[in-house]
Amino acid sequence: MDHDRQPRQDPGRAAPDEHSASVAASTGGDVASVERLAGEVAAAIERVIVGKREQVRLVLVALLAEGHVLIDDVPGVAKTLLVRTLAAALGLRFVRVQCTPDLLPADVTGSEVFDQRSVSFEFRPGPVFANLVLADEVNRATPRTQSCFLEAMEERQVTVDGASRPLPRPFLVLATQNPVELKGTFPLPEAQLDRFLLRLRMGYPSRTEETAMLGRFRADDPLGELRPVAAAEELLVAQRVVREVHVAPPIEAYVVDLVRATRDARDVALGASPRAALALMRAAQAAAALAGRGYVIPDDVAGLAVPVLSHRLLLARDAAAERRRPEDLVAALLGEVAAPVESPAGD
């Protein structure tokens, strides 16, 4: 990668932003409204969830980038609570699918049911016909059932008995899984992992956060008192704004270089796909809008490379035997791949 090397400049936010203005003109919204909307949603979530600001930010990035999220962590660290709180803050239709080995594809997508009164078949939509779908413990569902999520996640539609039916907008799948308990589970194949925009881990709270959690939940559940701070229409406008966030050619080249570097890495048997490059670009656009910018800077890309790329990598046998982590490998690549220098105009 051969970009001009200059001392890095902070584009700041004091000067007028021509890219933000063009975004506002083309979508009916602007990045300032996206930043404000995301701030209100994050504040509502933090009235229930203690700490976890970075995890909340990543979920909002995925939501604005129209991607899906895999939450991979041990039980009891608020994976499900985070999703339920997000749904309550947005006022969207939320459905939880508890994945078990006996769950069938029709239990997710819906099926044709014969109506004796009309003497005809009618389609009964399944839980996937919602705005926010929580696939809880997704790796406990059989591969056949897991596969029914693929079309929904990629094409935003489901096909039943040869008829394709569009899903509501906005549409977001958030799946959880426990990486420790493997008995009775079916690991997600690479093709399905690639459908998730990003993967995140909740992690254990700090001592201070855990103490605050005890006090917050001692008398009542604060989730029951949470009221929506945004409507579906506002979210759709925000998603259109994010699509118009400017990505300069050097930033595009940086994204491509990072993704291609994963394919050439010595410890990787299977690198990130072209879909990963598109996911990283769209996630960076969302991160820029969350920061109130109408253009992407290199830090937006670098800050999302680990959650967007790590779950898409298949480690080589020796690296897996040494218990190396894909996250560490992506972090190392960030130090090897040259980043472009942003100009004050975001170009």
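Residues numbered from 1 in each chain as written. Predicted model: local features only at pLDDT ≥ 70, side-chain atom pairs only at ≥ 80, totals over all residues. Heavy atoms only, no water.

Undergrad: So what about the packing of aromatic side chains? Which residues, and what values?
TA: The description of an aromatic ring pair rests on the distance of the ring centres and on the angle between the ring planes. Counted under the stated rule, the structure contains one aromatic pair. Between Phe123 and Phe129, the aromatic rings sit 5.7 Å apart at their centres with planes inclined by 70°, giving edge-to-face as the arrangement. Assessed through its relative accessible area of 19%, Phe123 is described here as buried. A cation over an aromatic ring shows up here: Arg165 above the ring of Phe123, its NZ or CZ 4.0 Å from the ring centre. When the ring centre of Tyr295 is taken as origin, the NZ or CZ atom of Arg293, which lies over that ring, is 6.0 Å away. (Phe/Tyr/Trp six-rings, centres within 6.5 Å; stacked < 30°, edge-to-face > 60°. Buried < 20%, exposed > 50% of the residue type's maximum accessible area, 1.4 Å probe, protein only. Lys NZ or Arg CZ within 6 Å of the ring centre and 35° of its normal.)

Undergrad: Mind laying out the nonpolar core, listing which residues take part and the relevant values?
TA: Among the nonpolar cores identified, the biggest contains 83 residues, and Val41, Leu86, Leu198, Val301 and Leu309 are the most heavily contacted of them. Looking at which element gives the most residues to this core, the answer is helix H11 (residues 274-290), with 11 residues. Setting aside chain neighbours within four positions, we find Leu198 in contact with Leu58, Val61, Ala62, His68, Val69, Leu70, Pro307, Val308 and His311. With 27 residues, the next largest nonpolar core counts Val128, Ala141, Phe149 and Val158 among its residues. (Core = buried A, V, L, I, M, F, W, Y, C linked by side-chain atoms within 4.5 Å. Helix = DSSP H or I, 4+ residues; strand = E, 2+ residues; numbered from the N terminus. Contact = heavy atoms within 4.5 Å.)

Undergrad: Summarise the sheet that holds strand E9 (residues 198-200); cite the residues concerned and give the values.
TA: Taken in spatial order, the five strands line up as E2-E5-E8-E1-E9 in an open sheet, and their pairing is parallel. The sheet terminates laterally at strand E2 (94-98) and E9, the two strands that pair on one side only. Here the strands of the sheet are splayed against their neighbours by 20° on average, with no regard to which way each runs. Of the pairings in the sheet, the one linking strand E1 (residues 69-72) to strand E8 (residues 172-177) comprises four bridges and is parallel in character. Along E8, the bridge assignment pairs Val69 with Leu174. In this fold helix H3 (residues 53-64) packs onto E1, E8 and E9, with an angle of close to 160° to the strand it touches most, E9. (Pairing = 2+ DSSP bridges. Axes fitted to C-alpha atoms, helices over the stretch in contact; angles between N-to-C directions.)

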